[in-house]
Amino acid sequence: FTARAALGADPQVVMRIIGLFTQRYMMPHKMLAEQRGDEMDILVEVDGVSDHLARILCGKMEQMVAVLAADWRQVGSVQLEPIMEGASATQFVSL
């Protein structure tokens, strides 16, 4: 399971996203946060997450105040790449 969220650059929202996983005793095995101006992208990879739980976690991320968008995939390793030149939004790219 890989989750990605586009955030307003608020340091508290990163910890809130991590908290979604720790509240369920889940340990992310990979995390990446990248700030781009006034926005930030965060990527979290966790093993053993069902599609149902992935939808719940993504929905909870989207409900957070500073989260602009959230998405998830059941894939292996991914990297963040801009969707379009100069844009702050990102998309998943499978490796």
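Residues numbered from 1 in each chain as written. Predicted model: local features only at pLDDT ≥ 70, side-chain atom pairs only at ≥ 80, totals over all residues. Heavy atoms only, no water.

Draft legend 1. Just the nonpolar core, in detail. If you look at the biggest cluster of nonpolar residues, it comprises 24 residues, and the most contacted ones within it are Phe 1, Ala 5, Leu 7, Ile 17, Phe 21, Met 61 and Val 67. Mapped onto this core, the elements with two or more residues apiece are strand S1 (2-8), helix H1 (11-22), strand S3 (39-45), helix H2 (51-63) and strand S4 (67-73). Counting residues per element, this core draws most heavily on H1, at 5 residues. When near neighbours in sequence (up to four residues on either side) are disregarded, Phe 21 contacts Phe 1, Met 26, Pro 28, Val 44, Val 46, Leu 57 and Met 61. (Core = buried A, V, L, I, M, F, W, Y, C linked by side-chain atoms within 4.5 Å. Buried < 20%, exposed > 50% of the residue type's maximum accessible area, 1.4 Å probe, protein only. Helix = DSSP H or I, 4+ residues; strand = E, 2+ residues; numbered from the N terminus. Contact = heavy atoms within 4.5 Å.)

Draft legend 2. Main features of the packing of aromatic side chains. Inspection of the entire model under this criterion finds 2 aromatic pairs. When the ring of Phe 1 is compared with that of Phe 21, the centres are 6.2 Å apart and the planes differ by 50°; the resulting orientation is tilted. Residue Phe 1 is located in the segment before S1, and its partner Phe 21 is located in helix H1; the two are separated by 20 residues in the primary sequence. According to the relative accessible area criterion, Phe 1 is buried, its value standing at 6%. Look at Phe 1 and Trp 72: their rings are 6.3 Å apart centre to centre, the planes differ by 35°, and that puts the pair in the tilted class. (Phe/Tyr/Trp six-rings, centres within 6.5 Å; stacked < 30°, edge-to-face > 60°.)

Draft legend 3. Just the sheet that holds S4, in detail. If you walk across this open sheet you meet the 4 strands as S2-S3-S1-S4, and the pairing is antiparallel. Taken across any chain shown, the strands that pair with only one partner, and hence form the sheet edges, are strand S2 (30-36) and S4. Strand-to-strand twist in this sheet, taken as the mean axis angle between neighbours without regard to direction, amounts to 10°. Sheet strands in contact with H2 are S1 and S4, and its direction is about 170° off that of S4. (Pairing = 2+ DSSP bridges. Axes fitted to C-alpha atoms, helices over the stretch in contact; angles between N-to-C directions.)

Draft legend 4. Focus on the pairing of S2. Two elements, S2 and S3, share 7 bridges in a ladder whose sense is antiparallel. Note that in S3 the partner of Arg 36 across the bridge is Glu 39. In this antiparallel pair of consecutive strands, S2 and S3, the connection spans 2 residues, and Gly 37 shows a positive phi of 65°.

Draft legend 5. Broad picture of the side chain of Asp 41. Mapped onto the secondary structure, Asp 41 falls in strand S3. Within the local environment of Asp 41, its side chain forms a polar contact with the side chain of Arg 36, the two groups lying 3.4 Å apart. (Polar contact = N/O pair within 3.5 Å; in protein donor to acceptor, adjacent residues only side chain to side chain.)

Draft legend 6. A look at the pattern of salt bridges. What the rule picks out here adds up to 3 salt bridges. Three or more residues joined by partner-sharing salt bridges are found here, namely Glu 34, Arg 36 and Asp 41. (Salt bridge = Lys/Arg side-chain N within 4 Å of Asp/Glu carboxyl O.)

Draft legend 7. Expanded view of H1. Compared with the 16 Å implied by 1.5 Å per residue over 12 residues, the 17 Å span of H1 between its first and last C-alpha is a close match. Regarding H1, the residues found buried are Val 13, Val 14, Ile 17, Gly 19, Leu 20 and Phe 21. Check the buried side of H1 and you find it contacts S1, S3, H2 and S4. Its side-chain oxygen at 3.0 Å from the backbone nitrogen of Gln 12, Asp 10 defines the N-terminal cap of H1. (Expected span 1.5 Å × (residues − 1).)

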